Amino acid sequence: LCNVNGDFSGAIYNETEKELLLFRDHLGVRPLFYYPGNHLFAFSTDLRGLLAFEPVDPSINEDWVYKTMCGYLSYDTESTEFSHIFCVNPAEYIRVSFKAEQIKIKKQRYWSLGKTKIRYSSDLEYQRKMRELITDSVQRRLNAVSGLVGAELSGGLDSGVIDILIHRLG
């Protein structure tokens, strides 16, 4: 997962090991929610998908709602507005084991921001690498869609650069 470039969330089930692997992109762009019930484990990329499933307990997490409404800054990205529904953290995977009539959950981080320091010898090299990364990012987005692509400019430097790259890359 460390080498995957993009925004994603996903699940892989290993029938032999009776394990489910849930994972989420590095920065947390794509959500992945899960409900760890007593004899049930459900997941979805949308809270509505879980809430529509009758066995899921939709109890409100009053503490979360209160803190969110009061503007309380929290680094807890796992809790949701529902007491029994959680979100896979960015850059994390969860291994869910279904052996011996028990559900066991093990969480592990696969990437950390700033973990690998990249040092270049000149400002010119930093500029070249930044240009390469931005161009690669825009090209990947263009490759993901078919047909014409439009861009709305906010007047900021970033949207102007993206618009120029879209024009150059086609």
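You'll find the structure just up there.
Residues numbered from 1 in each chain as written. Predicted model: local features only at pLDDT ≥ 70, side-chain atom pairs only at ≥ 80, totals over all residues. Heavy atoms only, no water.

Secondary-structure assignment places S97 in strand β6 (residues 92–97). For S97, the contacting residues outside a window of four places in its chain are K18, E19, Q102, I103 and K104. (Helix = DSSP H or I, 4+ residues; strand = E, 2+ residues; numbered from the N terminus. Contact = heavy atoms within 4.5 Å.)

For the rest of this paragraph, the subject is unusual backbone geometry. Even without being glycine, K18 reaches a positive phi, approximately 55 degrees. Secondary-structure assignment places K18 in the loop between β1 (9–14) and β2 (19–24).

Moving on to the packing of aromatic side chains. Per the counting criterion, the structure on display carries six aromatic pairs. Here the aromatic rings of Y120 and Y126 are separated by 5.1 Å at their centres, their planes lie at 85 degrees, and the arrangement is edge-to-face. A residue is classified by how much of its surface remains accessible, and Y126, at 36% relative accessible area, is partly exposed. Counting every residue linked through ring pairs, the aromatic cluster contains Y13, Y34, F41, F86 and F98. (Phe/Tyr/Trp six-rings, centres within 6.5 Å; stacked < 30°, edge-to-face > 60°. Buried < 20%, exposed > 50% of the residue type's maximum accessible area, 1.4 Å probe, protein only.)

Below, the discussion takes up the layout of surface pockets. Roughly 1,100 Å³ of internal volume is contained in the largest pocket. Lining the largest pocket are 29 residues; nearest its centre among them are N5, G6, L27, W111 and L133. Looking at the lining of the largest pocket residue by residue, the classes come out as 14 nonpolar, eight polar and seven charged. (1 Å grid on protein atoms, 1.4 Å probe; cavity = no way out; pocket = protein on both sides within 12 Å on 5 of 7 lines; lining within 4 Å. Points joined across faces, edges and corners; volume = space filled by probe spheres on them. Nonpolar A, V, L, I, M, F, W, Y, C, P; charged D, E, K, R; others polar.)

What follows concerns the sheet that holds strand β7 (residues 104–109). Backbone hydrogen bonds hold the strands of a sheet together, and the pairing may be parallel or antiparallel. Across the sheet, four strands lie side by side as β1-β2-β6-β7; this open sheet has antiparallel pairing. The sheet terminates laterally at β1 and β7, the two strands that pair on one side only. Each strand axis lies, on average, 15 degrees off the axis of its neighbour in the sheet, ignoring direction. Two elements, β1 and β2, share six bridges in a ladder whose sense is antiparallel. (Pairing = 2+ DSSP bridges. Axes fitted to C-alpha atoms, helices over the stretch in contact; angles between N-to-C directions.)

Bringing the nonpolar core into the picture now. F33, Y35, A42, L47, L50, V56, F82, I85 and C87 form the largest nonpolar core, which has nine residues in total. When contributions to this core are tallied by element, the ones reaching two or more residues are β3 (33–36) and α1 (47–51). If near-sequence neighbours (up to four positions away) are discounted, F82 is found in contact with L47, L51, P58, S59, I60 and N61. In this structure, L20, F41, V88 and V96 belong to the second largest nonpolar core, which totals eight residues. (Core = buried A, V, L, I, M, F, W, Y, C linked by side-chain atoms within 4.5 Å.)

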